[in-house]
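Given next are the chains, with one letter for each unit.
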Amino acid sequence: MDVDISTILGCSLGIILGGLTFAAYKLGVLYQLFHKTETKSPRHGGESVAEVLRTHGVKFVFTLVGGHISPILVACEKVGIRIVDTRHEATAVFAADAVARLSGTVGVAAVTAGPGLTNTVTAVKNAQMAESPLLLIGGAAGTMLQGRGALQDIDQMSLFKPLCKFCASVRTIREIVPIVRKALAIAQSGTPGPVFVEFPIDTLYPYHLVSKEFGVKNPPKGLMGKIVTWYLQNHLSNLFAGAWEARDASPLPVDIPQATNEQVQRCIELVSRAKKPVILLGSQATLPPTPVDDIRKALEELSIPCFLGGMSRGMLGKDSPIHIRQNRRDALKDADLVVLAGTVCDFRLSYGRVLNRRSKIIAVNRDKSQLLKNSDMFWKPTVAIQGDAGSFLHRLSKGLKGYKCPEDWPQSLKQGDITKEKANRAKADEKTDLHLNPLGVLHRVDELMAEDSIIVADGGDFVGSAAYIMRPRGPLRWLDPGAFGTLGVGGGFALGAKLCRPDSEVWIVYGDGSLGYSVAEYDTFTRHKTPVISVVGNDACWSQISREQVPILGSNVACGLAFTDYHTVANGFGGIGYLVGRENEAELDDIIKEAQRQSKEGKSTLLNVLIGKTNFREGSISV
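Everything quoted here is computed from the prediction, not taken from an experiment. Within every chain, residues take consecutive numbers counted from 1 along the sequence as written. Given that the model is predicted, a residue must reach a pLDDT of at least 70 before its local features are reported, and side-chain atom pairs must reach 80 or more before they are shown or counted; all residues, however, enter totals for whole chains, interfaces and linings. Calculated side-chain values reflect all of the structure's heavy atoms, with hydrogen atoms and water omitted.

Engineer: What is the right way to look at the overall build of the chain in this model?
Structural biologist: To qualify as a helix, a DSSP run of H or I must reach at least 4 residues; to qualify as a strand, a run of E must reach at least 2; elements of each kind are numbered from the N terminus. Looking only at helices and strands, the chain has 25 helices and 17 strands in total. The dimensions of the chain, computed from C-alpha atoms along their principal axes, are 95 × 60 × 50 Å. Residue burial is assigned from relative accessible area. The probe radius is 1.4 Å, only protein chains are included, and a residue is buried under 20% of its type maximum, exposed over 50%, and partly exposed in between. The buried share among the 623 residues of the chain stands at 55%. Taking the contacts inside the chain whose residues are at least 6 apart along the sequence as the reference set, 77% of them involve residues at least 24 apart. Neither His nor the chain ends is counted toward charge; the positive residues are Lys and Arg and the negative residues Asp and Glu. One atom stands in for each charge, and that atom is NZ of Lys, CZ of Arg, CG of Asp or CD of Glu. Across the chain, the mean location of the 70 positive side-chain charges is 4 Å away from that of the 63 negative side-chain charges. In this analysis, two residues are considered to be in contact whenever any of their non-hydrogen atoms come within 4.5 Å of each other.

See the structure below:
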């Protein structure tokens, strides 16, 4: 067989040229032929980050400072973005989460490399499960030093990929604008959630500083020395090539799934025929693009009884005739149609077992996996819609103009509410063996708090009671961790809430256990002039655990705390603390009013309320 030498040589040359071209592309040599590296420019990558955030309407960046991210913080401050530094990185993420929930935009937190980022993991996971659009900015070791033992250098991308919708590591300064832009759009699209962008330190500082780190004092001699020197210089030039060329930093379109017209029409028909319909609202119902006030109006026009959970608490105000707070299990048993508007059949609905198999079920959720969770076992949707719950309710109401739910149905459920809450109120008036009745304390706070108050829930037993007693006055006035049940959200959530609503009272309802996670943020409240009011249910115990551990296992081990002087701790951080016990119980109302007055004057306050045990959580509430 004859061999064509010229063909072989031609193929070999093509492969070599192709390989060289690919190498030149990967090393940025080709890009540098057409884009200038401005070695004299004092500009830095932090300015590019700040510009994208500014054009997206970001007002706050929460942080715990570190050298890896200093250029971002300084640049953001220069363009008018407020930098709010906290005492723990988790708090910075929780605060960003709260801003996302209350503002309808992306919350932003920036933390330093390594331990700075690992400290945020729980808060990022909480945001993922709460479906909050959040951008986490993280510092990192320099591009040339990753994996080589640099300070605080770990594989951060692998850590956050399971937690975030999108993860990216910036490799050159010219990538900053498009990557951050893309991340912000992804955070808000589909099912909202956290995104993570890693910034190696050499992508953030100016050329003249970075270039000093690339100099080799004693390069190898000969050809190898020349190759090393060229490689480092090329890497440096590629980092900054085209860095300051004009780029579009404006927001990209956000993709929000919507119900089809056919699906909405099918649901209109189902609702119009129902005699005992019920709507269960979850947090997704509060997401943009439909304003919460429009959703509230749609629900009122439908006049269908509603159970509200998560961020949707307060959607119907304080005393709506269609807001049902008690006996949910019984209502679902009797209902002939149930609308799950952003509500998931997880543990909160007994995995779907509380739904009547004879009921027609309309399920609406942006996330397909959440939409159909446990439908293979305990329930089946009549109509399953992967779409935005708020927009769906608005369209449903429009399609049912003139429809009114049969009045006897919501009235009967409301009567059950009245009966149950009357019994619960009687329990609040009972004397406990020691200290104050926690139910009575919560009722007093609920009755005295301002109409514009935002309630932050952070705890177990005490907060579980508060969820049934305290009534948010309007939409987006209740913040709890969500499905993950995370303790420690209080300080961060309250900080974000006060910044979003500076004229509103912000109340944190703490258990004494959960307070330990974020009490140091009283220092943050003081420094940043963000006054909040905390009510701490202090029973010197992890009571939610003890309540079952002791009767089942016969031991209170690890559940006991102390009646700690948390009010003194608040004083030490610049706040004002009050101790409330049996001795000054009669002054409780006056103390609450004084705390409100101090809040108006810019002081954060903490009510350390010594509470006794009740059997309220052991059967007097049903869901």
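That shown, we press on.
Engineer: What's the story with the side chain of Thr-191 in this structure? I'm lost.
Structural biologist: Within the fold, Thr-191 resides in the loop between α9 (176-188) and β6 (194-200). Thr-191 has contacts with Glu-131, Lys-165, Gln-284, Arg-366 and Asp-367, leaving out every residue within four places of it along the chain.

Engineer: Can you help me understand the pairing of strand β1 (residues 60-64) in this one?
Structural biologist: Regular strands have side chains that alternate between both faces of the sheet. Of all the five residues making up β1, four are buried; the element is thus mostly covered by neighbouring parts of the structure. Pairing between strands is defined by DSSP: at least two bridges between them are needed. Across four bridges, the pairing between β1 and strand β2 (residues 82-85) is parallel. Opposite Val-61, over in β2, you have Ile-83 as the bridge partner. Where the polypeptide runs from β1 across helix α4 (residues 70-78) and back to β2, its parallel neighbour, the crossover connection is right-handed. Pairing analysis gives three bridges linking β1 to strand β3 (residues 107-111), with the strands arranged parallel. Considered in β3, the bridge of Phe-62 is made with Ala-109. When the strands point away from the viewer and the path from the first strand over the helix to the second turns clockwise, the crossover is right-handed.

Engineer: Can you walk me through the environment of Ile-256 in this structure?
Structural biologist: Its place among the elements puts Ile-256 in the loop between α11 (222-240) and α12 (261-273). Taking C-alpha positions, Ile-256 is 6.9 Å from Asp-388, a pair spaced 132 residues apart along the chain. With residues near it in sequence (within four places) discarded, Ile-256 still touches Pro-288, Pro-289, Arg-366 and Asp-388.

Engineer: How should the pattern of salt bridges be read in this particular structure?
Structural biologist: If the charged atoms of two oppositely charged side chains come close together, the side chains can form a pair. Basic side-chain nitrogens of Lys or Arg form a salt bridge, by our definition, when they fall within 4 Å of a carboxyl oxygen of Asp or Glu. Tallied over the entire structure, the rule returns 24 salt bridges. Among the ionic pairs, Glu-301 bridges to Lys-401, the shortest N-O distance being 3.7 Å. Taken together, the positions of Glu-301 in helix α13 (residues 292-302) and Lys-401 in the loop between α16 (389-399) and α17 (408-428) put the pair 100 residues apart, joining distant regions of the chain. Of the residues examined, Lys-401 reaches a relative accessible area of 60% and is grouped as exposed. One salt bridge connects Asp-446 with Arg-471, and the closest N-O pair in it is separated by 2.9 Å. With Asp-446 in helix α18 (residues 438-448) and Arg-471 in the loop between α19 (461-469) and β13 (478-479), this residue pair connects regions lying 25 residues apart in the sequence. Linked through salt bridges whose partners overlap, the residues forming this network are Asp-319, Asp-446, Glu-451, Arg-471 and Arg-473.

Engineer: In this structure, what is going on with the packing of aromatic side chains? I would like to understand it.
Structural biologist: The geometry of an aromatic ring pair is captured by two quantities: the separation of the ring centres and the angle between the planes. The criterion for an aromatic pair is that two Phe, Tyr or Trp rings (for Trp, the six-membered ring) have centres within 6.5 Å, with stacked assigned to planes under 30 degrees apart, edge-to-face to planes over 60 apart and tilted to the rest. Using the criterion set out here, one finds five aromatic pairs in the structure. With a centroid separation of 5.1 Å and 75 degrees between ring planes, the pair formed by Tyr-207 and Phe-240 is classed as edge-to-face. Of the two residues, Tyr-207 sits in helix α10 (residues 207-214) while Phe-240 sits in helix α11, which places them 33 residues apart along the sequence. For Phe-240, a relative accessible area of 1% corresponds to the buried category. Its end group placed over the ring of Tyr-31, Arg-174 keeps NZ or CZ at 3.8 Å from the ring centre. Charge-over-ring contacts are defined here by two conditions on Lys NZ or Arg CZ: a distance within 6 Å of the ring centre and an angle within 35 degrees of the ring normal.

Engineer: Whenever I open this one, the sheet that holds strand β11 (residues 383-386) confuses me. Can you help?
Structural biologist: For sheets, the rule is that strands pair by backbone hydrogen bonds, running either parallel or antiparallel. The strand order across the open sheet formed by five strands is β8-β7-β9-β10-β11, and the pairing between neighbours is parallel. Of all strands in the sheet, those with a lone pairing partner are β8 (306-308) and β11, marking the two edges. Across the sheet, the mean angle from the axis of one strand to that of its neighbour is 10 degrees, orientation sign disregarded. Across four bridges, the pairing between strand β10 (residues 360-365) and β11 is parallel. By the bridge assignment for β11, Val-364 is matched with Ile-385. The convention used is that axes are lines fitted to C-alpha atoms, helices contributing only their stretch in contact, and that angles between N-to-C directions extend from 0 to 180 degrees.

Engineer: How should α17 be read in this particular structure?
Structural biologist: Residue pairs spaced three or four apart in an α-helix point in one direction, given the helix's 3.6 residues per turn. Spanning 21 residues, α17 covers 30 Å between terminal C-alpha atoms, matching the ideal 30 Å at 1.5 Å per step. Here α17 has its buried residues at Trp-409, Pro-410, Leu-413, Asp-417, Lys-420, Asn-424 and Ala-428. In an axial view of α17, the angular spread of the buried residues amounts to 100 degrees, which keeps them on one side of the axis. In α17, those exposed residues whose orientation departs by more than 90 degrees from the buried face are Asp-408, Gln-411 and Lys-422. Buried positions along α17 lie against β7 (277-281), α14 (328-334) and α18. Each helix should span, by expectation, one fewer than its residue count multiplied by 1.5 Å. The arc in question is traced by the directions running from the helix axis to the C-beta atoms.

Engineer: Whenever I open this one, the sheet that holds β13 confuses me. Can you help?
Structural biologist: Pairing is parallel across the open sheet formed by six strands, whose spatial order is β13-β12-β14-β15-β17-β16. Edge positions in the sheet fall to β13 and β16 (576-580), since each of these pairs with one other strand and no more. Relative to strand β17 (residues 605-610), strand β15 (residues 533-538) runs parallel, the two being bridged by six bridges. Residue pairing across strands places Ser-534 opposite Leu-606, the latter belonging to β17. Sitting on the sheet, α19 is in contact with β12 (454-458), β13, β14 (506-511) and β15, with an inclination near 135 degrees to β14. With respect to the sheet, helix α20 (residues 490-500) is in contact with β12, β13 and β14, its orientation differing from that of β14 by roughly 175 degrees.

Engineer: Would you take a moment to explain a nonpolar patch on the surface for this structure?
Structural biologist: A contiguous nonpolar surface patch, about 350 Å² in accessible area, is contributed by Leu-30, Leu-33 and Phe-34. Among the structural elements, Leu-33 can be located in helix α2 (residues 29-34). Classification of Leu-33 by relative accessible area gives exposed; the value is 61%. Think of a patch as exposed residues, more than 30% relative accessible area, with no salt bridge, where like charges cluster within 9 Å and nonpolar side chains (Val, Leu, Ile, Met, Phe, Trp, Tyr) cluster within 5 Å. With residues, only the protein chains shown are counted as cover, and all accessible areas are computed by Shrake-Rupley using a 1.4 Å probe.

Engineer: Is there a simple way to explain the confidence of the model for the chain in this structure?
Structural biologist: Do not read the fine detail of predicted coordinates wherever pLDDT is low. Confidence scores per residue from the predictor, reported as pLDDT, run from 0 to 100. Model confidence for the chain is summarised by a mean pLDDT of 93, while 96% of its residues fall at 70 or above. Every residue in residues 618-623 scores below 50 in pLDDT, and together they form 16 contacts with partners more than four places removed in sequence or on other chains.

Engineer: Explanation requested: the nonpolar core in the structure shown.
Structural biologist: Considering soluble globular proteins, one finds that nonpolar side chains tend to be buried as a cluster. The nonpolar core is taken to be a set of buried Ala, Val, Leu, Ile, Met, Phe, Trp, Tyr and Cys residues, with the residues joined through side-chain atoms within 4.5 Å. Phe-62, Leu-136, Leu-340 and Phe-392 are the most contacted members of the largest nonpolar core, which totals 102 residues. Per element, the largest residue contribution to this core is nine residues, and it comes from helix α5 (residues 89-103). Grouped together as the second largest cluster of nonpolar side chains are 43 residues, Val-49, Val-108, Ile-137 and Leu-204 included.

Engineer: It is not clear to me how the packing of α12 against α16 should be interpreted in this structure. Could you clarify?
Structural biologist: Helices that pack against each other are described as a pair by the angle of their axes relative to one another and the distance between those axes. Where α12 contacts α16, the axes come no closer than 10 Å and their chain directions differ by 60 degrees. The orientation of α12 with respect to α16, classified from their angle, is oblique. The interaxial crossing formed by α12 with α16 has right-handed handedness. For the pair α12 and α16, the contacting residues are Asn-261, Val-264, Cys-267, Ile-268 and Val-271 in the first and Phe-392, Arg-395, Leu-396 and Gly-399 in the second. Of the residues assigned to the contact of α12 with α16, the class counts are six nonpolar, two polar and one charged. Working definition: roughly parallel below 35 degrees, roughly antiparallel above 145 degrees, roughly perpendicular at 65 to 115 degrees, and oblique for all remaining angles. Should the near helix be turned counterclockwise from the far one by less than a right angle, the crossing is left-handed, whereas a clockwise turn marks it as right-handed. Basically, the charged four are Asp, Glu, Lys and Arg, the nonpolar ten are Ala, Val, Leu, Ile, Met, Phe, Trp, Tyr, Cys and Pro, and anything else, Gly included, counts as polar.

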